[in-house]
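Here's the letter readout for the chains.
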Amino acid sequence: MTRSHIEQQTLVGTQVATVDSAGSLVFDATLVAPVLGLRPGAFMEELKRGMVYHVHELGVGEDSGTTRVTFRHRARQSVLILDSFGRVIHVG
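Keep in mind that what you see is a predicted model, and the values were worked out from it rather than measured. (Residues numbered from 1 in each chain as written. Predicted model: local features only at pLDDT ≥ 70, side-chain atom pairs only at ≥ 80, totals over all residues. Heavy atoms only, no water.)

Caption draft 1: Fine view of the nonpolar core. Counting residues in hydrophobic clusters, the biggest one holds 17 residues, and the most contacted among them are Leu-11, Val-16, Leu-36, Phe-43, Phe-71, Leu-80 and Leu-82. Broken down by secondary-structure element, the contributors of at least two residues to this core are helix 2 (29-32), strand 4 (67-73), strand 5 (76-82) and strand 6 (88-91). Look past the residues within four positions of Leu-80 in its chain and what remains in contact with it is Leu-11, Val-16, Thr-67, Arg-68, Val-69, Phe-71, His-90 and Val-91. (Core = buried A, V, L, I, M, F, W, Y, C linked by side-chain atoms within 4.5 Å. Buried < 20%, exposed > 50% of the residue type's maximum accessible area, 1.4 Å probe, protein only. Helix = DSSP H or I, 4+ residues; strand = E, 2+ residues; numbered from the N terminus. Contact = heavy atoms within 4.5 Å.)

Caption draft 2: Expanded view of the sheet that holds strand 5. Read across the sheet, 4 strands follow the order 3-4-5-6 without closing on themselves; strand pairing throughout is antiparallel. Of all strands in the sheet, those bounded by a partner on one side alone are strand 3 (52-58) and strand 6. Each strand axis lies, on average, 20 degrees off the axis of its neighbour in the sheet, ignoring direction. By the bridge criterion, 7 bridges tie strand 3 to strand 4 in an arrangement that is antiparallel. Bridge pairing in strand 4 links His-54 to Phe-71. (Pairing = 2+ DSSP bridges. Axes fitted to C-alpha atoms, helices over the stretch in contact; angles between N-to-C directions.)

Caption draft 3: View of the packing of aromatic side chains. For the structure on display, the rule yields 2 aromatic pairs. Here Phe-27 and Phe-71 contribute two aromatic rings whose centre-to-centre distance is 5.1 Å and whose plane-to-plane angle is 90 degrees, an arrangement assigned as edge-to-face. In this pair, Phe-27 is assigned in strand 2 (residues 25-27) and Phe-71 in strand 4, connecting sequence segments 44 residues apart. Given the relative accessible area of 22%, Phe-27 is considered partly exposed. Exposure remark for Phe-71: the relative accessible area of 3% places this residue in the buried category. Of the aromatic side chains, those joined through ring pairs into one cluster are Phe-27, Phe-43 and Phe-71. (Phe/Tyr/Trp six-rings, centres within 6.5 Å; stacked < 30°, edge-to-face > 60°.)

What follows is the structure, encoded as structure tokens:
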């Protein structure tokens, strides 16, 4: 098992995002950056440059109440499935 894989699995059960007053998820860069192999400062810089981006999908039907967020940076990708409180329930 690679270090990155171990770090990702330790996120299960961790709250990595909060919901702001507009209902949007706000992620904690100190928790999300390592899944892409980045330090938080580099994550934020790459985000500003458009080199880190994410796709946000809301669960429907039996997946209602969950959110799948795919973070991408260059050739790296990490998929987090979150509960309605922003806690990680699966890392892919």
